[in-house]
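# Reading the structure
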Amino acid sequence: MPQLNRRRALLGLGALVSLGVSSALRAASSAAAPVFAPGAVIRTLFKDYAPAELAGGATLFHEHLSLGTDFMDRFRAASDAVAEANGIPLAQRPAGPPAAPPGPDPMRSAALMADELRAAQRDGIACLVDAGLDGAGVDLAFIREAAKLAGLPVVKGAGFYTMPFYPKHIERASVDELAAELVRQADDYPAGAFGEIGSWDEITATERKVFRAVGKAHLATNLPVFTHTGIPGKSALEQLDILEDAGVDPRRVAIGHLGNLEDRSVYVHKVICRRGGYVGFDRQGSGRDAPVVPLVMALIDAGFADHVLISGDANRGYASPVTRFLPMLKAAGASDEVLHRIMVDNPRRFLAFVPKRKRMHG
Ligand SMILES: [Zn+2]
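Let us look at the structure shown here. (Residues numbered from 1 in each chain as written. Predicted model: local features only at pLDDT ≥ 70, side-chain atom pairs only at ≥ 80, totals over all residues. Heavy atoms only, no water.)

### So, the pairing of strand E7 (residues 225-228)
Neither face of E7 is open: one carries Val 225 and Thr 227, the other Phe 226 and His 228, and all of them are buried. Pairing analysis gives three bridges linking strand E6 (residues 193-198) to E7, with the strands arranged parallel. Looking at the pairing, Ile 197 lines up with Thr 227 of E7. Across two bridges, E7 lies against strand E8 (residues 253-255) in parallel orientation. Counterpart to Phe 226 in the pairing with E8 is Ala 254. (Buried < 20%, exposed > 50% of the residue type's maximum accessible area, 1.4 Å probe, protein only. Helix = DSSP H or I, 4+ residues; strand = E, 2+ residues; numbered from the N terminus. Pairing = 2+ DSSP bridges.)

### Digging into the coordination of the zinc ion
Note on metal geometry: ideal angles are 109.5 degrees for four donors arranged tetrahedrally and 90 or 180 degrees for six donors arranged octahedrally. Looking at the zinc ion, the protein donor atoms are His 62 (NE2), His 64 (NE2), Glu 196 (OE) and Asp 313 (OD), and they sit 2.0 to 2.3 Å from it. Every donor counted, the four donor atoms about the zinc ion form angles of 84 to 166° at the centre, which fits irregular coordination. One chain supplies every donor to the zinc ion, and in sequence these donors are spaced H-x1-H-x131-E-x116-D. Of the two residues, His 64 is situated in the loop between strand E3 (58-63) and helix H3 (71-85) and Asp 313 in the loop between strand E10 (308-310) and helix H11 (320-331); the sequence distance between them amounts to 249 residues. Of the two residues, His 64 and Asp 313, neither departs from the other in class, the shared state being buried. (Donors = N, O, S within 2.8 Å, 3.2 Å for Na, K, Ca; no water. Tetrahedral: all angles 85-135°; square planar, octahedral: opposite > 155°, others 65-115°.)

### Quick word on the packing of aromatic side chains
Here the distance between the centres and the angle between the planes together describe a pair of aromatic rings. For the structure shown, the criterion picks out nine aromatic pairs. Ring centres of Tyr 161 and Trp 200 lie 6.4 Å apart, and the angle between their planes is 65°; on these two criteria the pair is classed as edge-to-face. One end of the pair, Tyr 161, is in the loop between strand E5 (154-158) and helix H6 (175-188); the other, Trp 200, is in the loop between E6 and helix H7 (205-221), and 39 residues separate them in sequence. For the pair Tyr 278 and Phe 350, a centre-to-centre distance of 5.4 Å together with 70° between the ring planes defines the contact as edge-to-face. Of the two residues, Tyr 278 sits in strand E9 (residues 278-281) while Phe 350 sits in helix H12 (residues 336-351), which places them 72 residues apart along the sequence. Considered together, Tyr 278 and Phe 350 belong to a single accessibility category, that of buried residues. The positively charged end of Lys 47 is found above the aromatic ring belonging to Tyr 49, 4.4 Å away from the centroid. (Phe/Tyr/Trp six-rings, centres within 6.5 Å; stacked < 30°, edge-to-face > 60°. Lys NZ or Arg CZ within 6 Å of the ring centre and 35° of its normal.)

Dropping the structure here:
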């Protein structure tokens, strides 16, 4: 299996030569190779990988293979409510995840989804993380089937997404009950991360409770945590605070959707880096990337390249953070060595963990 994946990843790199980013995914100077704790694994749906086995391509840390048919409408309603509350005019409201293009939807056919995943592999993707959660219409059986058909290592996230998407019982459950449920989810899927765990701009009391429960579940499992912030990322530091107060080392956390926080001084982004956390630019490759390039470059220039994570949040196709966004960073002056760290090394460092519980399935 690892052999096959490596071969596929290398084939994919060939396709990237014309984009000028193949060398970025390939270039691995052994001096800069990340060091992993003894026993650390990346937990995908079907097996635990040694982090070195996934070094042959990029890992996308925040994607979706399955979303409910009503997800986009519910997402827009929630985003609009926040924008409305903040007095942001309709025209200036940031877009959510991209809508499905016309034609057959790969999210409704495992065979079509497997085609999408194979195409991503050809473009240099070695592994991806599915961030869809219970309550947001995620279909775990579908994800398993598509991943199996394609032979692509898929890490499944566990948890609860945001207030508008919580299953009904969350409201009344205690932190301990939720933490126990999260650990059960993580055992059952099996999950390789908690995420995407989210809030909109103002974190509700119930969302705080879920974040604290995720903190407890992290302590019980050692799984990394990645988040969804409301647009434009007002809750980012507060999310990190709640998780850290619950005992989570910020180095195990990625705060997400921070490409939406269009502040050229990258103040919040740098605070997260200084505290040891990862900054997620996880809606890239969508064609709306230009404002995000200076943010990423500012972090690289400030010496924080090791804290940058890039993904697409379900672009069609999945490799577009690599095929569309990486060339923009390269044109802005990012070196192959830095891009390799960001796309190949950082997500593996983020996802690798020493399990506290035995793998139960797969
Ligand atoms: Zn997402």
